[in-house]
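Observations on the three-dimensional arrangement
Next come the chains, spelled out residue by residue.
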Amino acid sequence: MGTIDVHTHSVPRSWPDLRTQAGPGVWPSLRVDSEREAMILLGDVEFRRVGAEAWDAETRLADMDADGVELQVVSPTPVFFSYDKTGDQAAKVARIFNELTLEICAPGGGRLIPFAQVPLQDPDAACAEAERAMASGHAGVEIGNHVGDRDLDDAGTVTFLQHCAERGIPVFVHPWDMPSSPRLERWMARWLAGMPAETHLSIIAMILGGVFDRVPPSLRIAFAHGGGSFAFWLGRFENAWQQRPDLVGVSERPPSAYLDRFSVDSVVFDPIALRLLVDTLGAERVMVGSDYPYPLGERPVGAVVDRADFLDEAQKAAIRHGNARRFLGR
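Residues numbered from 1 in each chain as written. Predicted model: local features only at pLDDT ≥ 70, side-chain atom pairs only at ≥ 80, totals over all residues. Heavy atoms only, no water.

Thoughts on the overall build of the protein
- A tally of regular secondary structure across the protein gives 11 helices and 11 strands.
- A compact globule built from 330 residues should have a C-alpha radius of gyration of about 20 Å, and the protein, at 19 Å, falls within 12% of that.
- For the C-alpha atoms alone, the extent of the protein along its principal axes is close to 55 × 45 × 40 Å.
- The buried share of the protein, reckoned over its 330 residues, is 57%.
- Intrachain contacts of the protein at a sequence separation of at least 6 include 68% that bridge at least 24 residues.
- Total accessible area on the protein is roughly 13900 Å²; 53% of this is exposed by carbon and sulfur atoms.
- The protein carries 32 positive and 46 negative side-chain charges, and their two centres are separated by 0 Å. (Helix = DSSP H or I, 4+ residues; strand = E, 2+ residues; numbered from the N terminus. Rg over C-alpha atoms; globule rule 2.2 N^0.38 Å. Buried < 20%, exposed > 50% of the residue type's maximum accessible area, 1.4 Å probe, protein only. Contact = heavy atoms within 4.5 Å. Areas by Shrake-Rupley, 256 points an atom, 1.4 Å probe, with all protein chains shown as cover. Lys, Arg positive; Asp, Glu negative; His and termini not counted. Charge placed at Lys NZ, Arg CZ, Asp CG, Glu CD.)

This is the structure in structure tokens:
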């Protein structure tokens, strides 16, 4: 049985002018430079170069075959989330990109599994778009880890997560919109330090914000990039909960009691880091992810699992495909 990759992204080959579809503002657009290369623009500013693997199913499938990947979850690229716009604008954008994601995945013969985006700043609209997208063929949703200064314990986001739990919709959380400063603009530090910190902070918000206390255990939720730095600092988190209950001890149980409530992907690149994840969360809470097709992702997909000699065959099988099937409800 082949690997299931739960963390990949797509970029459509083209999309309509979002200023005419959703209203005035700075929107992403695509400058197509050749048949196999394009540049995502934010207004007039270059954001990210992408290749045909971002939109071409044939290219994706060939790469999957080369890496032994059976199924691939295809999620939006977070720059399209539009959380800084009105809920109505973001809902229009979500519908556009969700339909385009279905078009990207359609030639995959069922091997490309589409995940939708939702207007998370408007919980009613987010629930409605999740329902519509699932009915149209999506298998889950990807959300960003915050909306402005509101983290995942925001009341509206909790309402959306409760909806997903009730409807059996899997949720993949991806960091986005990392803080910027002169120190973080060097060496891709927003991605190297900021992205792990954002994911760590979001898991803290799920625990201390009481989300896991309010959302039923049926919620299937996973965090990208190995959960960021959470596993490494769980001991510090636990100690703070015990020593400063006036500030930190606000969840019903200590942080370590919630480790069976979420999963993470395996994009940590080093077997030592993967071992920490497995030792902390259990092999049943880790799934292969690659961050394909972006250059900071892992190729071959699942290479860190192959190099992890501390895992037995049953654990490797669980991480490669068994846990993902449970997450996806398959």
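A word on the packing of aromatic side chains
- Under the counting rule described, the total for this entry stands at 13 aromatic pairs.
- Judged by centre distance (5.2 Å) and plane angle (70 degrees), the rings of Trp-15 and Phe-80 are edge-to-face. With Trp-15 in the loop between β1 (3-10) and α1 (18-22) and Phe-80 in the loop between β5 (69-76) and α3 (87-105), this pair connects stretches of sequence that are 65 residues apart.
- Here the aromatic rings of Phe-81 and Tyr-83 are separated by 5.0 Å at their centres, their planes lie at 10 degrees, and the arrangement is stacked.
- On the basis of relative accessible area, Tyr-83 is assigned to the buried category, the value being 5%.
- Put simply, the rings of Phe-212, Phe-223, Phe-230, Phe-237, Tyr-258 and Phe-262 touch in pairs and so form one group of aromatic residues.
- The lysine or arginine in question, Arg-48, covers the ring of Tyr-294, its NZ or CZ lying 4.2 Å from the ring centre. (Phe/Tyr/Trp six-rings, centres within 6.5 Å; stacked < 30°, edge-to-face > 60°. Lys NZ or Arg CZ within 6 Å of the ring centre and 35° of its normal.)

Remarks on unusual backbone geometry
- That bond from Tyr-292 to Pro-293 is cis: its omega, 5 degrees, falls within 30 degrees of zero.
- Considering the arrangement of structural elements, one finds Pro-293 in the loop between β11 (286-287) and α10 (303-306).
- Going from Arg-299 to Pro-300, the amide bond is cis rather than trans, its omega being -10 degrees.
- Within the element layout of this structure, Pro-300 appears in the loop between β11 and α10.
- You will see that Phe-269, though not glycine, has its phi angle at about 75 degrees, which is positive.

Brief notes about helix α8 (residues 234-243)
- Looking at α8, one finds that the buried residues are Leu-234, Phe-237, Glu-238 and Trp-241. Within α8, the buried residues cover an arc of 95 degrees as seen down the axis, which keeps them to one side. α8 presents Arg-236 and Gln-243 as exposed residues on the side facing more than 90 degrees away from its buried surface. (Arc of directions from axis to C-beta.)

Examining the pairing of strand β7 (residues 140-144)
- When you tally the buried positions in β7, you get 5 out of 5 residues, the bulk of the element.
- Burial of β7 is two-sided: the residues Gly-140, Glu-142 and Gly-144 facing one way and the residues Val-141 and Ile-143 facing the other way are all buried.
- Bridge count for strand β6 (residues 112-116) against β7 is 2 bridges, and the pairing is parallel. Paired with Phe-115 across the strands is Gly-140, a residue of β7.
- For the crossover that starts at β6, traverses helix α4 (residues 123-136) and ends in the parallel β7, the hand is right-handed.
- As defined by bridge partners, β7 adjoins strand β8 (residues 171-174) across 4 bridges and the pair is classed as parallel. When the sheet's bridge partners are listed, Gly-144 is paired in β8 with His-174.
- A crossover links β7 with its parallel partner β8, the connecting element being helix α5 (residues 155-167), and its sense is right-handed. (Pairing = 2+ DSSP bridges. Right-handed = clockwise from strand over helix to strand, strands pointing away.)

Shape is all these values report; function is a separate question.
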